[in-house]
Amino acid sequence: MKIWLIQHVRVLLFTLRRLFATPLSSLLNILVIGIALSLPMGLYVLLQNVQGLAEQVAGTPQISVFLSLDSDKEDVTRIGKQLKQHEAVGRVEFVPRDRALEQLKQTTGLADVIGGLTQNPLPDAYVVHPNKAGAQALEALRDELQKWPELEHVQLDSAWAHKLEALLKFGRMAVLILAVLLSFALAAVTFNTIRLQILTQRDEIEVSKLIGATNAFIRRPFLYFGLLQGLLGGAAAWAIITVSLHLLNGSLASLAQLYASSFMLHPPSASDSLTLLLFSAYLGWLGAWLSVAQHLWQIEPR
Amino acid sequence: MIRFNQVYKRYPGGYEALKNVSFEIAAGEMVFLTGHSGAGKSTLLNLIAAIERPNSGSVVVNGQNIAKLRSGALPYLRRNLGLIFQDHKLLFDRSVFDNVVLPLQICGFDHRESAKRVRAALDKVGLLQREKTNPIALSGGEQQRVCIARAIVNRPSILLADEPTGNLDADYANDIMGIFKSFHQVGVTLLIASHDEGILQKFGGRLLVLKHGELQS
Ligand SMILES: Nc1ncnc2c1ncn2[C@@H]1O[C@H](COP(=O)(O)OP(=O)(O)OP(=O)(O)O)[C@@H](O)[C@H]1O
Ligand SMILES: [Mg+2]
């Protein structure tokens, strides 16, 4: 146990020394890893932000209820009252059929067509703002309102949210593909770095094996190197993202002021950051492992 | 300690370096292995250290059949052997001290204990003053002695020496043979491959003679 610990500490120090022995190439490698990782990670962080914003904006979806065409003034006011008294309903907005027609004329450019109508085809409607968000509460309310006989049609305006959800899903898929591709690239970067190191240490590896080194002993310094380089690369990616977000927030602040909103990009969460570091360290380790395994396999006596 | 039983070794390309070799070396014995160049001396030593594997027959070292050992167990076998290579196999990117300490690092000795052992080994071969030198700056005989120091630093029970006195003048050769003698006295099993007639006559012990891969009796 003690021997094991001594060996590991020794290898760690050795690895640090080796990393600092060639500062320029180490730095370049770490930068390459950092930049490559910051692409998918940065996109992911942006997506997280968009999702947060969307939840904020779509936080109070509405339900439109349309009365039947033959309902009269009394029906309309009675239903308005009933709706207001319902416990799940926050605010109610009345949209008279004339105004609806007027809006339709203005927004759709179908003025000519609509002008030719002898009769208003639109019913009176209420826009109901529920006091509780959440898809389940909304759908429950919709289902209940649908049972009211006076109501011709009840519509939950969640299509927008569905579209956004689909878009986010697409974005996440893109991030995933990018992440997978770049992961291969990163493992390859470490693979190659370690391969070059092995080439300069062929003799040491050969002699060590001849005098009783296990494969684990030979692998260890290279694995540490790959792990450390990956970890530092992950840290570089994190720094790139954090600094970029900071810069973006600077320009967002003035933009947001114009729109009188206070939208800010949030940095990656602690657990996402940790995942990034662990993942990139693992990629470094993996690249190194593959590289050493290949070499050990080549020199194995047969 | 070491037992060969009808060992054949054929190199890729078909050359038979060893043919039907059988012998036994008891613990604590000092045995010389001789024969013309290309007779198969290095090959025989390589088989004991499992650097090469026999094509048939069995090589038993310390009670373990090398041919049947899985490769994960080889390192632990080799730690019991002290190997002195015909071509030294020293590392020229580090000092004499760092060359000799390598087997101890592999076994995981701590710094203080390793330093003590390395200095003791270097003292034995008379190179204590040169521990900081790069071995490339040493003479052939001195390099040979660094190689010996590295082989004995881990206090192996078996020492395999391949031409330890090759290309050395008589004085150096005598020094080195003196060192081996002292190991023999403390119970180390030695197998020394050499075609140096003078040495063999002077130190005459048991002799194994190889000729075209076959053991002469
Ligand atoms: N790796 C190899 N591949 C093919 N043939 C080899 C290999 N190693 C040795 N041989 C052949 O096996 C034969 C025995 O070689 P070996 O090195 O054992 O001889 P040796 O007795 O040690 O000779 P020397 O005294 O010159 O060192 C030689 O003919 C050599 O050409
Ligand atoms: Mg030889």
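Residues numbered from 1 in each chain as written. Chains lettered and ligands numbered in written order. Predicted model: local features only at pLDDT ≥ 70, side-chain atom pairs only at ≥ 80, totals over all residues.

Describing the overall build of chain B
Phase 1 of the analysis: Broken down by element type, chain B carries seven helices and ten strands.
Phase 2 of the analysis: Over its C-alpha trace chain B gives a radius of gyration of 17 Å, about what one expects of a compact globule, namely 17 Å for 217 residues.
Phase 3 of the analysis: Dimensions of chain B, computed from C-alpha atoms along their principal axes, come out at roughly 45 × 40 × 35 Å.
Phase 4 of the analysis: Sequence separation of at least 24 residues holds for 71% of the intrachain contacts in chain B that already meet a minimum separation of 6. (Helix = DSSP H or I, 4+ residues; strand = E, 2+ residues; numbered from the N terminus. Rg over C-alpha atoms; globule rule 2.2 N^0.38 Å. Contact = placed C-beta atoms within 7 Å.)

A look at the overall build of chain A
Phase 1 of the analysis: A count of helices and strands for chain A gives ten helices and four strands.
Phase 2 of the analysis: Along its sequence from the N terminus, chain A presents helices and strands in the succession α-α-β-α-β-α-α-β-α-β-α-α-α-α.
Phase 3 of the analysis: For chain A, the C-alpha radius of gyration of 32 Å lies well beyond 19 Å, the compact-globule estimate for 302 residues.
Phase 4 of the analysis: With respect to the principal axes defined by its C-alpha atoms, chain A has extents near 100 × 40 × 35 Å.
Phase 5 of the analysis: Each of the 302 residues in chain A was classed as buried or not, and the buried ones make up 24%.
Phase 6 of the analysis: By sequence separation, contacts in chain A at least 24 residues apart represent 84% of the contacts at least 6 residues apart. (Buried ≥ 20, exposed ≤ 12 C-beta atoms within 10 Å, placed from the backbone.)

Side note on the packing of helix H5 (residues 140-152) of chain B against helix H6 (residues 170-185) of chain B
Residues and elements named next belong to chain B.
Phase 1 of the analysis: Closest axis-to-axis distance for the H5/H6 pair is 11 Å, and the angle between their directions is 10°. By the angle class used here, H5 and H6 are roughly parallel. Mapping the contact onto sequence places Gly141, Gln144, Arg145, Ile148 and Ile152 in H5 and Tyr172, Ile176, Ile179 and Phe183 in H6. (Axes fitted to C-alpha atoms, helices over the stretch in contact; angles between N-to-C directions. Parallel < 35°, antiparallel > 145°, perpendicular 65-115°, else oblique.)

Digging into the nonpolar core
Most often, soluble globular proteins keep nonpolar side chains buried together rather than apart.
Phase 1 of the analysis: Residues Val100, Ala149 and Leu160 of chain B are the most contacted members of the largest nonpolar core, which totals 97 residues.
Phase 2 of the analysis: Looking at which element gives the most residues to this core, the answer is helix H9 (residues 215-258) of chain A, with 14 residues.
Phase 3 of the analysis: If you look at the next biggest cluster of nonpolar residues, it comprises ten residues, including Leu67, Tyr126, Leu141 and Leu145 of chain A. (Core = buried A, V, L, I, M, F, W, Y, C linked by C-beta atoms within 7 Å.)

Overview of the confidence of the model for chain A
Phase 1 of the analysis: The predicted model of chain A has a mean per-residue pLDDT of 84, with 91% of residues at 70 or higher.
Phase 2 of the analysis: Mean pLDDT per element in chain A: helix H5 (residues 111-115) of chain A is the minimum at 74, and helix H10 (residues 270-299) of chain A is the maximum at 93. (pLDDT = per-residue confidence, 0-100.)

Points about the site of ligand 1
All names here are of chain B.
Phase 1 of the analysis: Taken together, 14 residues sit near ligand 1, with Tyr11, Ser37, Lys41, Ser42 and Thr43 positioned nearest.
Phase 2 of the analysis: For the shell around ligand 1, the element with the most residues is helix H1 (residues 41-48), which contributes three residues.
Phase 3 of the analysis: Grouping the constituent residues of the shell around ligand 1 by class yields four nonpolar, nine polar and one charged. (Near = placed C-beta within 6 Å. Nonpolar A, V, L, I, M, F, W, Y, C, P; charged D, E, K, R; others polar.)

Observations regarding the interface of chain A and chain B
Phase 1 of the analysis: Contacts between the two partners involve 14 residues from chain A and, on the opposite side, 14 residues from chain B.
Phase 2 of the analysis: For the side of chain A that touches chain B, the elements supplying multiple residues, two or more each, are helix H1 (2-21) and helix H8 (202-210) of chain A.
Phase 3 of the analysis: The biggest single contributor to the side of chain A that touches chain B is H8 of chain A, with five residues.
Phase 4 of the analysis: Of the residues that constitute the side of chain A that touches chain B, the class distribution is eight nonpolar, four polar and two charged.

Focus: helix H4 (residues 111-124) of chain B
Residue and element names in this part refer to chain B.
Phase 1 of the analysis: The terminal C-alpha atoms of H4 lie 20 Å apart, and with 14 residues this matches the ideal 20 Å at 1.5 Å per residue to within 8%.
Phase 2 of the analysis: All of the buried residues along H4 are Ser114, Arg117, Val118, Ala121 and Leu122. The buried residues of H4 occupy one face: seen down the axis, they fall within an arc of 135°. H4 presents Arg112, Glu113 and Lys116 as exposed residues on the side facing more than 90 degrees away from its buried surface.
Phase 3 of the analysis: As for H4, its buried residues are in contact with helix H3 (96-107) and H5.
Phase 4 of the analysis: Trailing H4 by a residue or two, Gly126 shows a phi angle of about 75°, which is positive. (Expected span 1.5 Å × (residues − 1). Arc of directions from axis to C-beta.)

Here's the deal with the confidence of the model for chain B
Phase 1 of the analysis: Averaged over all residues, the pLDDT of chain B is 90; the fraction at 70 or higher stands at 100%.
Phase 2 of the analysis: In the model output, the complex is listed with pTM 0.76 alongside ipTM 0.90.

With respect to the domain arrangement of chain A
Phase 1 of the analysis: We note that the domain assignment places domain 1 (2-57 + 162-299) and domain 2 (63-157) within chain A.
Phase 2 of the analysis: For domain 1 of chain A versus domain 2 of chain A, the separation of C-alpha centres amounts to 54 Å. (Domains from an automatic or database assignment.)

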